[in-house]
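Each chain, letter by letter, is given below.
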Amino acid sequence: MNNVCRIGVFYDGSYFTYAQFYFYSEKKVGWLSFVPFHRLIEQFVSSKEQRYVAHRVVYASWHQGLFHSAQTSEKQFQIERNRHIDLVHAGIEPKYVPMPPNGQEKGVDVSLAIDAMERAMEGKIDVAVLVTGDGDLTPLVRALMKHGVRVGLLYFAYESSQRTSHVNRRLLDACNYALNVNQLEHTPQAAAIFKGLFRQLQGRVARN
């Protein structure tokens, strides 16, 4: 048996970006960053998969819609460039889906599902961690389990003046285990872990 638990992380990009903006602009706690977020994932999975000696994120991908340049402002270009640099530094593969003219994301969940299934069928991961709240990915969870891959879920649950974030109940029930990241702030033994997820931005445009 492999002594290292190989973790694949699959980001619903817009879902994570909204959480970043919420924590930065409304909670004023800083910018939610990928490297400490991956450490959190490794720690969380290690608490659930104790038969392994070590737990490592070996693959991560980011799935999001991308506007055509004609539909993108200069500020949005800067936001997307900063995000791309952050993804590269964290070892996350960006996988963008072209946005239609109406501006509604289409096909992002399909892109994420195909990517996760390819990694599973190649035997590259033992655990898939989804960062999303989208109930449309419930069939993906069940398909991954059929291929012997256990599934964890990290999600954000909050209400703000701008947006409400929650997790679909069917998706939550389908996964092997799940973590509401927002709950860490109010759990005394996890408060330091929560604080360590963020950094302060200096001289950069906040990505929303």
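All values reported here derive from a predicted model rather than from experimental measurement.

**Q** Any details on the pairing of strand S6 (residues 150-155)? Residues and values, ideally.
**A** Buried residues dominate S6, accounting for five of its six residues. Relative to S6, strand S5 (residues 127-131) runs parallel, the two being bridged by five bridges. Bridging from a neighbouring strand, Val-127 pairs with Arg-150 of S6. Regarding topology, helix H5 (residues 138-146) serves as the crossover connection from S5 to the parallel S6, and that connection is right-handed.

**Q** Run through the pattern of salt bridges, naming residues and quoting values.
**A** Under the criterion given, the structure shown has eleven salt bridges. Close ionic contact of Glu-49 with Arg-150 constitutes a salt bridge, the shortest N to O distance being 2.5 Å. One end of the pair, Glu-49, is in the loop between helix H2 (34-48) and strand S3 (54-66); the other, Arg-150, is in strand S6, and 101 residues separate them in sequence. Relative accessible area serves as the criterion here: at 30%, Arg-150 is assigned to the partly exposed category. Counted as one network, the salt bridges with shared partners bring together Asp-115, Glu-118, Arg-119, Glu-122 and Lys-124.

**Q** Outline the side chain of Thr-17, supporting the account with residue identities and numerical values.
**A** By secondary structure assignment, the location of Thr-17 is in helix H1 (residues 13-26). There is a polar contact of 2.8 Å between the side chain of Thr-17 and the backbone oxygen of Gly-13.

**Q** Go over the pairing of S5, please, and point to the residues and values.
**A** Consecutive residues of a regular strand have side chains that alternate between opposite faces of the sheet. Most of S5 sits inside the fold, with five of its five residues counted as buried. Side chains of S5 alternate between two faces, with Val-127, Val-129 and Val-131 and Ala-128 and Leu-130 buried alike. Examined bridge by bridge, strand S1 (residues 4-12) and S5 share five bridges and lie parallel to one another. By the bridge assignment for S5, Ile-7 is matched with Val-127.

Scoring rules and cut-offs
- Residues numbered from 1 in each chain as written.
- Predicted model: local features only at pLDDT ≥ 70, side-chain atom pairs only at ≥ 80, totals over all residues.
- Heavy atoms only, no water.
- Buried < 20%, exposed > 50% of the residue type's maximum accessible area, 1.4 Å probe, protein only.
- Helix = DSSP H or I, 4+ residues; strand = E, 2+ residues; numbered from the N terminus.
- Pairing = 2+ DSSP bridges.
- Right-handed = clockwise from strand over helix to strand, strands pointing away.
- Salt bridge = Lys/Arg side-chain N within 4 Å of Asp/Glu carboxyl O.
- Polar contact = N/O pair within 3.5 Å; in protein donor to acceptor, adjacent residues only side chain to side chain.

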